[in-house]
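This is what each chain is made of:
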Amino acid sequence: MGILMKTHDGTDWMSRYDRSPHAIYGPEQVNRLAVYFEAWKVPFHAWYVAKGIDPVREAQMCSEVIDAGARSITVDLEPFDLYWRGTPEGALAFGNEFRRLKPDAKLYVTVDPRPWMLCKTPVAEFASFSNGLAPMTYWETFNSPANWRLFQQHGFPPGPFGVTPEYVLDVAKTVLSPYGLPIWPAGEGSPRNGDAWVNFVSHANGLGMRSVSVWRYGTADQRVWRLLKEMGPKPA
């Protein structure tokens, strides 16, 4: 297992929001943390929230994070307040600048796979320069009457058990497969039903999704880490 650490939010390093001694204030601190985790055999990856207000600068900061020791960068692309506020053209400007600086770096995009949310973000543009997609497959968060109605309206009627891990993974695969990229889903870290994670990992593997991630360490049930250690990712 590895860690995905949030390094910046738009063009702001995380020290703007985090006053702890280890807050990320720039590439130097990213490097210190990368060295620390890698020394303990924990692969270090980075995460950032894309806003699209200054996409070229955002791309440059992602490049700096890679230079500082992150094995990859994951772009958090969501259509909510304080998240993506850019345009499809801005998404391509980000991609052009990032690939100019880092043509071989690993970049992934995490998206909300609910169809009515997915269409509000420039997924196609980001997919054109990305190495994979990491959908937010949050079966408990999405399991509400309002979401059931919307899933139904968009051609994905939930079964008798509502939004289960298997259901949301099937939806994610259906809506994201057309982009032709690997899909590595992110699951909900604090489920009320411990068996849900077994079902989640097993079904993801069955769909060819070799690796999964957990949102997030600070709220995850400790049983999740034991389960992931026991089940492990599928080999390439």
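What counts and how
- Residues numbered from 1 in each chain as written.
- Predicted model: local features only at pLDDT ≥ 70, side-chain atom pairs only at ≥ 80, totals over all residues.
- Heavy atoms only, no water.
- Phe/Tyr/Trp six-rings, centres within 6.5 Å; stacked < 30°, edge-to-face > 60°.
- Helix = DSSP H or I, 4+ residues; strand = E, 2+ residues; numbered from the N terminus.
- Pairing = 2+ DSSP bridges.
- Contact = heavy atoms within 4.5 Å.
- Axes fitted to C-alpha atoms, helices over the stretch in contact; angles between N-to-C directions.
- Left-handed = near helix turned anticlockwise from the far one by under 90°.
- Buried < 20%, exposed > 50% of the residue type's maximum accessible area, 1.4 Å probe, protein only.
- Right-handed = clockwise from strand over helix to strand, strands pointing away.

Visitor: Just checking my understanding: could you explain the packing of aromatic side chains for this structure?
Guide: Pairs of aromatic rings are described using the distance from one ring centre to the other and the angle between the two planes. Taken as a whole and judged by the stated rule, the model has 18 aromatic pairs. Each ring, one from Trp116 and one from Phe151, has its centre 4.9 Å from the other, and the planes form 75°; the classification is edge-to-face. Of this pair, Trp116 sits in helix 4 (residues 115-118) while Phe151 sits in helix 6 (residues 145-153); the two residues are 35 residues apart in sequence, bridging distant segments of the chain. Considering the side-chain rings of Trp139 and Phe200, the 5.0 Å spacing of their centres and the 40° angle between planes classify their relative orientation as tilted.

Visitor: Where do I start with the sheet that holds strand 4 (residues 72-77) in this structure?
Guide: Within a beta sheet, neighbouring strands are joined by backbone hydrogen bonds and run either parallel or antiparallel to one another. Read across the open sheet, the 6 strands follow the order 2-1-3-4-5-6; overall the sheet is mixed. Either end of the sheet is taken by a strand with one partner, and the two such strands are strand 2 (12-13) and strand 6 (132-133). One ladder, built from 6 bridges, connects strand 4 with strand 5 (residues 106-111); its direction is parallel. Across the sheet, the residue bridging to Leu77 is Val111, located in strand 5. Strands in contact with helix 1 (residues 27-39) are strand 1 (3-9), strand 2 and strand 3 (44-49); relative to strand 3, the strand with the most contacts, it is inclined by about 140°. Relative to the sheet, helix 2 (residues 55-67) contacts strand 1, strand 2, strand 3, strand 4 and strand 5, its axis offset from that of strand 1 by approximately 140°.

Visitor: Would you explain the packing of helix 2 against helix 3 (residues 88-101) in this entry?
Guide: Angle between the axes and distance between the axes are the two parameters that describe a pair of packed helices. Taken N-terminus to C-terminus, the directions of helix 2 and helix 3 make an angle of 35°; their axes are 8 Å apart at the nearest point. Considering how the two elements wind past one another, helix 2 and helix 3 form a crossing that is right-handed. Packed against helix 2, whose contacting residues are Pro55, Val56, Glu58, Ala59, Gln60, Cys62, Ser63 and Ile66, the element helix 3 presents Gly90, Ala93, Phe94, Glu97, Phe98 and Leu101 at the interface.

Visitor: Hey, could you run me through the pairing of strand 5 in this one?
Guide: A regular strand carries its side chains on alternate faces of the sheet. Most of strand 5 is tucked away, with 5 of its 6 residues classed as buried. A crossover links strand 4 with its parallel partner strand 5, the connecting element being helix 3, and its sense is right-handed. As paired elements, strand 5 and strand 6 share 2 bridges and run parallel to each other. Each residue of the ladder has a partner; that of Tyr108, found in strand 6, is Gly132.

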